[in-house]
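The residues making up each chain are set out below.
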Amino acid sequence: MSEQSGRVRFLTVLEVAEVMRVSKMTVYRLLHSGELPGVRVGRSFRVPQDALDAYLRSSATAFVDDEGSARREERRTS
């Protein structure tokens with residue numbers, strides 16, 4: 001669980017980008033569009049770990065390949 005003693009863990013844009021294996025610019029686009037919730041602290045953004053986890057869960061869709069095996073595919077953002 002990402003919360004310890006009722007405390008929320010906040011990630012930097014760089015940490016989110018590394019987890020998602022995307023560029024920082026992609027994370028900024030998700031934040032500015034409101035697709036990924038975040039908190040602005042001065043000129044920086046922080047993303048709650050729970051919000052990132054929820055975004056990744058909702059972005060993944062299950063599908064069946066040609067051989068009938070279930071696989072997961074992440075939704076692409078523009």
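Relevant structure appears above.
I will try to describe carefully the structure that is included in this document. (Residues numbered from 1 in each chain as written. Predicted model: local features only at pLDDT ≥ 70, side-chain atom pairs only at ≥ 80, totals over all residues. Heavy atoms only, no water.)

## Some points on the overall build of the protein chain
Part 1 of the reasoning: Across its full length, the protein chain holds three helices and five strands.
Part 2 of the reasoning: The buried share of the protein chain, reckoned over its 78 residues, is 27%.
Part 3 of the reasoning: When the accessible surface of the protein chain is totalled, it reaches about 6,000 Å², and 47% of it is carbon and sulfur. (Helix = DSSP H or I, 4+ residues; strand = E, 2+ residues; numbered from the N terminus. Buried < 20%, exposed > 50% of the residue type's maximum accessible area, 1.4 Å probe, protein only. Areas by Shrake-Rupley, 256 points an atom, 1.4 Å probe, with all protein chains shown as cover.)

## With respect to helix 2 (residues 24–33)
Part 1 of the reasoning: Listed in full, the buried residues belonging to helix 2 are Thr26, Val27, Leu30 and Leu31. The buried residues of helix 2 occupy one face: seen down the axis, they fall within an arc of 140°. When the buried face of helix 2 is taken as reference, the exposed residues oriented beyond 90 degrees from it are His32 and Ser33. (Arc of directions from axis to C-beta.)

## Concerning unusual backbone geometry
Part 1 of the reasoning: With phi around 60°, Arg21 is a residue other than glycine that occupies positive phi space.
Part 2 of the reasoning: Within the secondary structure, Arg21 is located in the loop between helix 1 (13–20) and helix 2.

## Side note on the packing of helix 1 against helix 2
Part 1 of the reasoning: Orientation of helix 1 relative to helix 2, taken along the N-to-C sense of each, is 105°, at an axis distance of 8 Å. Classified by the angle between their axes, helix 1 and helix 2 sit roughly perpendicular to one another. Contact residues: helix 1 offers Val13, Leu14, Val16, Ala17 and Met20, while helix 2 offers Lys24, Val27, Tyr28, Leu30 and Leu31.
Part 2 of the reasoning: Here the contact of helix 1 with helix 2 is composed, by residue class, of nine nonpolar, no polar and one charged. (Axes fitted to C-alpha atoms, helices over the stretch in contact; angles between N-to-C directions. Parallel < 35°, antiparallel > 145°, perpendicular 65-115°, else oblique. Contact = heavy atoms within 4.5 Å. Nonpolar A, V, L, I, M, F, W, Y, C, P; charged D, E, K, R; others polar.)

## Structural notes on the pairing of strand 3 (residues 44–48)
Part 1 of the reasoning: Pairing geometry for strand 1 (residues 10–12) and strand 3, over three bridges, is antiparallel. What sits directly across from Thr12, in strand 3, is Arg46.
Part 2 of the reasoning: Pairing of strand 2 (residues 39–41) with strand 3, which is carried by three bridges, proceeds in the antiparallel orientation. What sits directly across from Val41, in strand 3, is Ser44.
Part 3 of the reasoning: The loop that links strand 2 with its antiparallel partner strand 3 comprises two residues; one of these, Gly42, has a positive phi angle of about 65°. (Pairing = 2+ DSSP bridges.)

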